[in-house]
Amino acid sequence: MASPETGVLAARARALAVLRIRSSATAVALLPAAVAVVLFAGRATGHLGAGGGWDTARWAVSGLAVLVLLLAVLVAAVIARARPALSPSVPISEKSAPDLYRLVRDLAERLEVPAPSAIALTPDCDSWLEDRTHRAHGPPRAPEDRRAPQAPVLVIGSPFLWWMRVAELRALLAPVVAGTGPSANPDIAAARRFIRGLDAAVAVSARATGPLRGLPLRFAGRVARLLLRACRDHATIMERGVAAAASERAQGVDYGLRIVAQEQVGLAYAGWDRLLTRVALPAWRMGRWPSRLDAGVVSALTELSRRDRLAEGFASRLGERPACDLLEEPGAIDRAASLLAARLFHGGPAEPGPDWSPVGWNQYPEEVVDRKWRLEAARLHRVLDDLPATDLPAAGQGAGPAAGTATPAGAPAAAGTPRSYARTPARTAAGHRLPSRQATDHAPPGLAAPDGLTAAAAGPTLARVIDRLARDAHAGDLLAARLGAEIEREEREEAARQAARGAFAQDAAAGVAWGDGLAESGLPLFPLQPPRTGRELLADHVTAMVCCAAVDTAGAAPGLDWLDGPALLVDGARRADLGLPVLSLVDDGDAEPLRGWLTTIGVRPEKPVRLV
């Protein structure tokens, strides 16, 4: 088995190759100046003749040297002033987590490597070391301290602290902390700083605007890209050597337990992804952010263990001491990490406010789920009101009972008679064109409006939605397109409000150092889901309307499923069989499956529902 020093030596060799590329670039910049010095020195010593040709060459080379030196100074200044991007994280002081710092230092002592200089948490299922020695990333250092190498910062995924036990976290962090040994090598550290500076310079040039400022920055960016391409292979192999050295050094520390901990990493990632996409995202879209996301991971993974036999036994570990006990105030840190997660994955404001308030898990069903359903139902009815009226299916052939003749209860309606949701003959006359809602509101006194429109004017009903989608083959496409346009408009308005609030100024006030090329490229940095299609939006809104009707007329209740998000509870149990009937109505115009589902639950679709 190779020793850790083997990997360090291989990484150092590649780091020297990177530094040679830097030296070569410097030499190229200085070459015209060196030639000019030689020409003038030769003229002064008499070794090079005087004359028109030599003088012209001297002044031409001197002009070229000045130009190249100016460009070199420009590129060097851009690289030196650019701030390397930082991973967004929540800093953890030693005062707020003394036990965690003690665990990391003991681990570094066992590995015989320098301890990390600080610890930070990030809302992600990963851990790494990050160099934050750039002067823009912290307070100014004393001149005597600038020569001393500074250890990198240990960044830990916040879900790990809540799901993993203390021993598992120590085993998981062992190869990460072991990376501080190679990081202390001066050549490797210098190569990393050079590459990070080039990367930051590229980011600065990418957002340059205006001819006066943009032209020099774009030139510096092209030079930085050229150098990055030259360093790419060497940097990749260097980092592989560092990782190999750290892994070899950590072999002797909790190796068996690390295998179990790696299994927990995959499980935590699955639970974290479901929690963000299914539970947190609906709240973020409504201006609320769950304040205990990391604690929710435990509930989500416990639920996954209950459902999935492959995860059996993982929940039995919960009796051991959780790693979050290493924090003095886990609730406050969870709140900060949850706010940062909303900032990264959704683009919310950096600080809470009237339109961006926290919500606890106990209040989630009422304040998020129920409100989400009613907002979507209201949006659906607004769009439905704006649709053009349509002709109902013709029923002249084989018309039903004459007007005023009651149909016996339980008797089937005549063939060809328009059917309402309740499987009774439609009360709107066959072939009668439904006027718009505005026309009904301004109808002359004594002129009765059609019964179907009277129900729409009396209040928003589920029956109105079902009848329109089932009768009109084009209603689904129109509703889907207009819902998409409505949501895009709302998102643009929200983005404008955030811009007016000065989001990046809030970041600076909160002490969040994003670095060049990170937050400025736009938020969210990591969108959780691709944009939903129009059909998906329509299905979500019809589902919300059904849930509102179930809550208002059948005694159902909004609930929270830790893996699937908003849930409809009927008699205290979750009903997860609503998706297929809704898709049958939205995609095929077939309302029968949904009608059967509503009859089973006892929902009365002709009753108006309460909207927000």
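Preceding this section is the structure that the text describes.
## Section: the nonpolar core
Alright, step 1. Among the nonpolar cores identified, the biggest contains 108 residues, and Leu169, Val177, Trp284, Leu293, Leu538, Val542 and Leu568 are the most heavily contacted of them.
Alright, step 2. Considering each element in turn, this core owes the most residues, 12 residues, to helix 10 (residues 255-285).
Alright, step 3. Apart from the residues within four sequence positions on either side, Leu538 is in contact with Leu380, Leu469, Gly476, Leu479, Ala480, Leu483 and Val586.
Alright, step 4. Ile79, Ala190, Ala200 and Val242 belong to the second-largest nonpolar core, a separate cluster that totals 28 residues.

## Some thoughts on a nonpolar patch on the surface
Alright, step 1. Together, Leu64, Leu67, Leu71 and Phe219 give the surface a local cluster of nonpolar side chains, amounting to about 330 Å² of exposed area.
Alright, step 2. You can see Leu64 is positioned in helix 2 (residues 52-81).
Alright, step 3. A relative accessible area of 46% places Leu64 in the partly exposed class.

## Re the sheet that holds strand 8 (residues 565-570)
Alright, step 1. A sheet is described by the order of its strands in space; here three strands give the open sequence 7-8-9, paired in antiparallel fashion. A single partner strand is all that each edge strand has here, and the edge strands are strand 7 (557-561) and strand 9 (573-574).
Alright, step 2. Set on the sheet, helix 10 makes contact with strand 7 and strand 8; between it and strand 8 the angle comes to about 95°.

## Side note on the environment of Ala556
Alright, step 1. On the secondary structure map, Ala556 appears in the loop between helix 19 (534-553) and strand 7.
Alright, step 2. Taking the C-alpha atoms as reference points, Ala556 and Leu568, separated by 12 residues in sequence, lie 6.9 Å from one another.
Alright, step 3. With residues up to four places along the chain from it excluded, the contact list for Ala556 reads Ala550, Val551, Leu568, Leu569 and Val570.

## Some thoughts on the environment of Asn185
Alright, step 1. Along the chain, Asn185 turns up in the loop between helix 7 (180-183) and helix 8 (186-206).
Alright, step 2. For the pair formed by Asn185 and Arg12, sequence separation is 173 residues and the distance between their alpha carbons is 7.8 Å.

## Concerning the pattern of salt bridges
Alright, step 1. Considering all chains together, one arrives at 30 salt bridges under this definition.
Alright, step 2. Asp540 serves as the salt-bridge partner of Arg532, at 3.1 Å between the closest nitrogen and oxygen.
Alright, step 3. Using a relative accessible area of 27% as the deciding quantity, one classes Arg532 as partly exposed.
Alright, step 4. In this structure, a network of salt bridges that share partners links the residues Arg379, Arg382, Glu486, Arg489, Glu490 and Glu493.

Rules and cut-offs
- Residues numbered from 1 in each chain as written.
- Predicted model: local features only at pLDDT ≥ 70, side-chain atom pairs only at ≥ 80, totals over all residues.
- Heavy atoms only, no water.
- Core = buried A, V, L, I, M, F, W, Y, C linked by side-chain atoms within 4.5 Å.
- Buried < 20%, exposed > 50% of the residue type's maximum accessible area, 1.4 Å probe, protein only.
- Helix = DSSP H or I, 4+ residues; strand = E, 2+ residues; numbered from the N terminus.
- Contact = heavy atoms within 4.5 Å.
- Patch = residues over 30% accessible without salt bridge, like charges linked within 9 Å, V, L, I, M, F, W, Y side chains within 5 Å.
- Areas by Shrake-Rupley, 256 points an atom, 1.4 Å probe, with all protein chains shown as cover.
- Salt bridge = Lys/Arg side-chain N within 4 Å of Asp/Glu carboxyl O.
- Pairing = 2+ DSSP bridges.
- Axes fitted to C-alpha atoms, helices over the stretch in contact; angles between N-to-C directions.

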